[in-house]
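Structural features, examined
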Amino acid sequence: MGIVSSSYVGRSVERVEDAALLSGLGRYIDDLGTRPGTLHAAILRSPHAHADILGIDVQVAKALPGVTAVVTGRDLDAVTTGLVPALRAAVDARAIAVDRVRYVGEPVAIVVARDRYLAEDGCDLIEVQYRVRPAVVDPLSALAPDSEILHEGVGANCVSDRRFRYGDPEAAFADSPHSLSVTVRYPRNTGSPMETYGVVASYDPTDDSYDVLANFQGPFSIHAVVARALKVPGNRLRLRTPPDSGGSFGVKQGVAPYAVLIAATARLVGQPVKWIEDRLEHLSASVSATNRVTTLRAAFDADGRVTALDWDQVEDCGAYLRAPEPATLYRMHGNLTGAYAIRNVAVRNRVVLTNKTPTGLVRGFGGPQVYYPLERLMQRIALTLGLDPFAVIRRNLIPADAFPYRTATGALYDSGDYQRALDEAARDGGLDELKRRRDAARAEGRLYGIGLTAAVEPSVSNMGYITTVLTAEERAKAGPKNGAQSTATITLDPVGSVTVQVASVPQGQGHRTVLAQVVADVLGLPMEQVRVTADLDTAKDAWSIASGNYASRFAAAVAGVAHLAATRLRDRLARIAAAQLNLRPEDLLFAGGRIASRLNPDAGLPFARVAATSHWSPGLVPEDLGAVIRETVFWTPPELTAPDAEDHINSSLCHGFIFDICGLEIDRVTGKIIIDRYVSMHDCGRILHPGMVEGQVRGGFAQALGAAVFEELSYGDDGAFLSGTFADYLLPTATEVPDLRILHVESPSPFTPLGAKGVGEGNCMSTPVCLANAVADALGLEAIDLPLTPAKLAALAAGGEERAPPAGHSAPKPATKAGDRTLRGEGSATVTAPPETVWAMLLDPDVLASVIPGSHGVRKLSGTRFQADVTLGVGPVKGRYKAEVTLSDLDEPRAVTLTGTVTGGLGSGGGTGRLTLEPDGAGGTRIAYVYEAAVGGKVAAVGGRLLDGAARVIIGGFFTALARRAGGSGERRLRLPAALRRLLARLGVSA
Amino acid sequence: MPQLDAKGRHTVAFTLNGRETTVEVETRTLLTDALRHGLGATGTHVGCEHGVCGACTVSIDGVPARACLTLAVGVEGCAVRTVEGLAPEPGRLGVLQAAFRRRHALQCGFCTAGILMSLDAYLVLRPNPSRREITEVIGGHLCRCTGYAPIIEAALEAAAELRGDIPAPSSPEAAHA
């Protein structure tokens, strides 16, 4: 029996998904109807990075008409338990804070109301009392013995410390004539899909079951985590995904904690509940890639041949270890030698928790954190020895005849010809021409650099790799974990049409198109006759823990298993047809919608008729065949074995190869990177759909460019989150993404049914360091960390050392150190009233009420303590706050220190000011003030760029009003700059 | 425009894709929410709700606007066009839409509606745009999937077809190398 040579696979056919998406007929989670009576949730989140919750007053919020309930962590305690991490550690693993918050954006309460607007109104009315603790932000500081501890149960912020040894690294270092190390601080970033998280959940108390619709992307191992957190067996958690998803890039794995929160809330309120995340929530508290501090040391000979690597990685997983973390650290464990034949490796892996958003899946998952130090190191080795980086990379590559190749740490590289890929990339990418351009540019004094990167792109994760974090003894106790089940179901209906169902949960990649291509080819049908559904329902569809959309597993595993299912179905249909045609099954050909003799095409039957036989005429089906109606195949590659006793792990099934070349120039004045040419050579095995492969490469490249140059989820020293809008977290736009020259060689994978490998994540791994290598080359740097912002590069171009950018974007006085977000200011005014009068005014709540900007009234708590309700605006973000002011160091009537805190739904702040009153010699008073203040919470996240100006306006407004009350004419004497006066006027503060 | 009661609900009348329609909203209701949840026109998407990403772009009286920064009460009497109004008839794609499909100018499709609306308006204004100009227009939108290059190609190809410079491409794969 045969199949016709493929007529769809390998072609860039139009996608079956597109007509609906282009017509506004997509069905994303927020487009689907909900059951009558569905309520809407909004989540109140912590403004503090680290604080105890002393009390939550929900009474006012609850009383708001339209609000059904306010649910706190304590309320949810009764119906939920923690989210189990991959690593047993005594961490509080709730999806919502109970008595302590550990990152900005951590859920504190959920308001459930008739509509989302009312739910958000309710959030504004909740009053939470916090006692702020010192925040731990830096992963290395978190390791210090005197560091504040996030989880007392663990006793330290380091929750895992493992050492590994492969080959004989000590001997290799001892024997080596050269060694060199790089230290890299890889920053935080995220995939930031255009669609945010969404969950719609209901609970049926009659059988204790949950129905959860969530734009979750897998892995469905997390289904077990969510079911456990909801305290139900797996079959009582029906998890469904919507037909369309607005992108994920790994990130929508992180919707899982919200599935728990919203489902449990639905149970408590007794009605279905819907929640759609907003962008601030997404940027501040969905998931982030890990930030990592790595020191990588290499031993090498005079030719630059590397004989050993020594990795020291400190992985920052944020405030909680959420499953599958610390997977980011172990996904690449088999690939720690990259594309190189290095046999001796030492590794120390530490996982620390800090007061930042918990980490999770982000495209590239662990790859960029590994390749950045590895490929920086290769460039440094070449420069140290005075060799060409291309030659050093090429010299160290795994030989083409060595595949399948077992790496020192245990990965089994399936196929490749790295030397050929390198040579073709250099030839077709014009490496020599770029070198000439560099020479010419440098001759003119311009800053031009070339970067190179070789990377192995793993795909189809071994579900057992994460257990490498455990010791061999712990693994033996827990039982071995391994494999990667993929599944496809093909169904024939009574008119013989074909439906394919998969558990790949596509996030926009076009899986339905490729599956239609694959199955249509096997069954010899026009593609239009194969319909594919990819929305998953765990109650009805075939799935397993590896199901979902991650680890670039679609082309290699899911399209492969669909091919297996179609082939098996075809072979069974052939036997039905053979029985009716009196032919041998192996003589039949499936083509053109018919099943016919390959020798005599007239002897045949329409496909549909044979396909419908088991429905209408089971009597015609050979008895041993059973019903040929539905074929479900599960496939797991045998190569994905559990870690062995020596910690070797084949962490992924397929290994693609990338070689990137970048030529760029840096504008000496602005620090802007101008990419002259970017060449990306890929070997992703057999290409199933060239258009989609190109789309994956281009999309990955654009995200990598963002991660390298524009994007950072940034935090202040106090843990305040500073990039809560798309004006702070800068995604590249069409005007920033340069042209890309994509090249391919094809080394089909011997381990996958179609020979395909993953391709979606490679550039996220290779491009950041390729750009950094080019920048280092242009500026002659030894060390450079991301992001490569213009400000940073301009400073470096000017000859300075790498200077961390001032946090909070633009402090008026440069911050003394990175992350210090203190606002400082001073001013003075002269008033006609004498110091004694001014002094008395300062202690009078009525006067204060009239001079504090936005005040709704001031209460005197004691002789020196005041409380005020104020409305303050920072840019467009206006909110109501509670202010407390304490006077101290009273030197009547000459000086006083004011210490204040401001707390509200939009954030919190605190500061200290010293006010001095001096007689001006004419019966009046000269009032002078200096202050220091810091602001956190939502205001800091969305208004960082406006904060300093706004603080000045508010503080200036106070003194202006005070001066006016004291008979001064502040307008003239306050000496405010004209621009500030105009701003004040615009904001409604008269100056 | 009449003064509206902040607490009350208001009936807003406008045309949506050429059809007269009304929707009842609060004064604070965003146009995105009125279109999507009030009228079921879910083709307009919400990506950031602060006017940066452009996913919610619709046409109001022929001018592209961010629906997430527009109050629904503000479109009283206006002609609003959304992605649902782009196709010449149900089941058929317009020239721009078809070019997007041919060029693989979308993946998840979430940002696409806004980009189509911006380009649709721009190509009326500038039938013969340069690559630079098209890039600038698309630069007003965030797409996280495609890397933008195929969107630019699709827009230029659609512009050429709309001008009559090239015939409607027939082969689905002609566009792809």
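Since we're looking at a predicted model, the values are computed, not measured.

Examining the overall build of chain A
Helices and strands together make up the secondary structure of chain A, namely 26 helices and 36 strands. Computed over the C-alpha atoms, the radius of gyration of chain A is 32 Å, within 12% of the 30 Å expected from 2.2 N^0.38 for a compact globule of 991 residues. For the C-alpha atoms alone, the extent of chain A along its principal axes is close to 120 × 75 × 55 Å. By the burial criterion, 59% of the 991 residues in chain A qualify as buried.

Looking at the overall build of chain B
Check the secondary structure of chain B and you find five helices and five strands. Listing each helix as α and each strand as β along chain B from the N terminus yields β-β-α-β-β-β-α-α-α-α. Here the C-alpha radius of gyration of chain B, 17 Å, is about what a compact globule of 177 residues would show, namely 16 Å. In terms of principal-axis extent, the alpha carbons of chain B reach across some 60 × 30 × 25 Å. Within chain B, the proportion of its 177 residues that are buried is 55%. Contacts in chain B between residues at least 24 apart in sequence constitute 58% of all its contacts with a sequence separation of at least 6.

A few points about helix H2 (residues 95-102) of chain B
All names here are of chain B. Most of H2 sits inside the fold, with seven of its eight residues counted as buried. The complete set of buried residues in H2 reads Leu-96, Gln-97, Ala-98, Ala-99, Phe-100, Arg-101 and Arg-102. Two residues or fewer past H2, His-104 is found with a positive phi of approximately 50°.

Some points on the sheet that holds strand E22 (residues 530-533) of chain A
Residues and elements named next belong to chain A. Judged by pairing direction, the sheet is mixed, and its four strands sit side by side in the order E22-E21-E20-E26 without closing on themselves. At either end of the open sheet lies a strand with only one pairing partner, and these are E22 and strand E26 (630-635). This sheet shows a mean twist of 20° between the axes of neighbouring strands, independent of strand direction. Of the strand pairs in this sheet, strand E20 (residues 486-492) and E26 are connected by six bridges, and their pairing is antiparallel. Within the sheet, the bridge partner assigned to Thr-487 lies in E26 and is Phe-634. Where helix H17 (residues 554-581) meets the sheet, its contacts fall on E20, strand E21 (498-502) and E26, and the angle it forms with E20 comes to roughly 40°.

Considerations on the interface of chain A and chain B
Every contact between the two is made by 47 residues of chain A and, on the other side, 44 residues of chain B. Among the elements of the structure, helix H1 (18-22) and helix H19 (690-710) of chain A are those that each provide at least two residues to the side of chain A that touches chain B. A total of eight residues in the side of chain A that touches chain B trace back to one element, the largest contributor, which is H19 of chain A. Of the residues belonging to the side of chain A that touches chain B, the class tally is 18 nonpolar, 19 polar and 10 charged.

A short note on the domain arrangement of chain B
All names here are of chain B. Entries for chain B in the domain assignment read domain 1 (9-85) and domain 2 (95-163). For domain 1 and domain 2, the distance between their C-alpha centroids amounts to 21 Å. Residue-level contacts link 16 residues of domain 1 with 11 residues of domain 2. Of all elements in the fold, only strand E3 (57-60) and strand E4 (63-66) reach the threshold of two or more residues within the side of domain 1 that touches domain 2.

Points about the environment of Ile-222 of chain A
As for its placement among the helices and strands, Ile-222 of chain A is situated in helix H7 (residues 221-229). Counting along the chain gives 31 residues from Ile-222 of chain A to Gln-253 of chain A, while the straight-line C-alpha distance between them is 8.2 Å.

Digging into the domain arrangement of chain A
Residue and element names in this part refer to chain A. Looking at the assigned domains, one finds that chain A contains domain 1 (34-133 + 191-285), domain 2 (141-189 + 288-466 + 642-797), domain 3 (485-635) and domain 4 (823-986). Domain 2 and domain 3 are separated by 40 Å when their C-alpha centres are compared. Taken together, the contacts link 21 residues of domain 2 with 18 residues of domain 3. Elements that contribute at least two residues to the side of domain 2 that touches domain 3 include exactly strand E19 (447-461) and strand E27 (652-666). Of the residues assigned to the side of domain 2 that touches domain 3, the class counts are 11 nonpolar, eight polar and two charged.

A short note on the nonpolar core
The nonpolar side chains of soluble globular proteins are, as a tendency, buried together. If you look at the biggest cluster of nonpolar residues, it comprises 377 residues, and the most contacted ones within it are Val-111, Ala-259, Val-519 and Ala-562 of chain A. Top element by residues in this core is H17 of chain A. It accounts for 17 residues.

Topic: the pairing of strand E13 (residues 273-276) of chain A
Residue and element names in this part refer to chain A. Judged by which residues are buried, E13 turns out to be covered on both faces: Val-273 and Trp-275 on one side and Lys-274 and Ile-276 on the other are all buried. Of the strand pairs in this sheet, strand E2 (residues 39-45) and E13 are connected by two bridges, and their pairing is parallel. For His-40, the partnering residue across the bridge sits in E13 and is Lys-274. The pairing of strand E10 (residues 198-204) with E13 spans four bridges and is antiparallel.

Overview of the packing of helix H16 (residues 511-523) of chain A against H17 of chain A
Residue and element names in this part refer to chain A. Interhelical geometry of H16 versus H17 gives an angle of 30° and a closest axis separation of 9 Å. Between H16 and H17, the crossing angle belongs to the class labelled roughly parallel. Considering how the two elements wind past one another, H16 and H17 form a crossing that is right-handed. Contacts from His-511, Val-514, Leu-515, Val-518, Val-519, Val-522 and Leu-523 of H16 reach H17 at Phe-554, Val-558, Ala-559, Ala-562, His-563, Ala-566, Thr-567 and Arg-570. The class makeup of the residues in the contact of H16 with H17 is 11 nonpolar, three polar and one charged.

Here's the deal with unusual backbone geometry
Residues and elements named next belong to chain A. Between Gly-218 and Pro-219 the backbone carries a cis peptide bond, its omega angle lying at 5°. Positionally, Pro-219 belongs in the loop between strand E11 (209-214) and H7. In this model, Asp-208 sits at a positive phi of 50°, which is unusual for a non-glycine residue. Of note, Asp-208 is situated in the loop between E10 and E11. Its identity is not glycine, yet Asn-582 carries a phi of approximately 60°, on the positive side.

A few points about the environment of Tyr-186 of chain A
Residue and element names in this part refer to chain A. One can find Tyr-186 in strand E9 (residues 178-186). Its 24 C-beta neighbours within 10 Å are what place Tyr-186 among the buried residues. As for Tyr-186 and Thr-290, which are separated by 104 residues in sequence, their C-alpha atoms are 8.2 Å apart. Each residue touching Tyr-186, except ones within four places of it in the same chain, is listed here: Asn-291, Arg-292, Thr-294, Pro-368, Gln-369, Tyr-372 and Leu-786.

Let's talk about the confidence of the model for chain A
Residue and element names in this part refer to chain A. Scored by pLDDT, chain A comes out at a mean of 92, with 94% of its residues at no less than 70. Taken together, the stretch residues 802-816 has pLDDT below 50 and engages in 33 contacts with residues farther than four places along the chain or on a different chain. Below a pLDDT of 50 lies the segment residues 969-975, which in the model reaches 14 contacts outside its immediate sequence neighbourhood of four places, other chains included.

About the thresholds
- The numbering scheme is per chain: residues are counted from 1 as the chain's sequence reads.
- Chain labels run from A onward and ligand labels from 1 onward, assigned in the order the entries are written.
- The predicted origin of the model limits local features to residues at a pLDDT of at least 70 and limits the giving and counting of side-chain atom pairs to 80 or more, whereas totals for whole chains, interfaces and linings rest on all residues.
- For helices the rule is a DSSP run of H or I covering at least 4 residues; for strands it is a run of E covering at least 2, with both sets numbered from the N terminus onward.
- The globule rule is 2.2 Å times the number of residues to the power 0.38, and the radius of gyration it is compared with is taken over C-alpha atoms.
- Buried, partly exposed and exposed are defined by the number of other C-beta atoms within 10 Å of a residue's own C-beta, namely 20 or more, between the two limits, and 12 or fewer respectively, with C-beta atoms placed from the backbone.
- Two residues qualify as being in contact provided that their C-beta atoms, derived from the backbone, are within 7 Å of each other.
- Here, a strand pair is defined by DSSP locating no fewer than two bridges between the strands.
- Between the N-to-C directions of two axes lies an angle of 0 to 180 degrees, each axis being a line fitted to C-alpha atoms and, for a helix, fitted only over the stretch in contact.
- For this classification, Asp, Glu, Lys and Arg are treated as charged, while Ala, Val, Leu, Ile, Met, Phe, Trp, Tyr, Cys and Pro are nonpolar and the rest, including Gly, are polar.
- Start and end positions for the domains come from either an automated domain assignment or a database one.
- Core membership is restricted to buried Ala, Val, Leu, Ile, Met, Phe, Trp, Tyr and Cys residues, and these are joined into a nonpolar core through C-beta atoms within 7 Å.
- Comment on the angle field: the value is read as roughly parallel under 35 degrees, roughly antiparallel over 145, roughly perpendicular from 65 to 115, and oblique elsewhere.
- Two helices cross in a left-handed way if the nearer one is turned anticlockwise from the farther one by less than a right angle. They cross in a right-handed way if the turn is clockwise.
- Confidence of the prediction at every residue is given by pLDDT, a number between 0 and 100.

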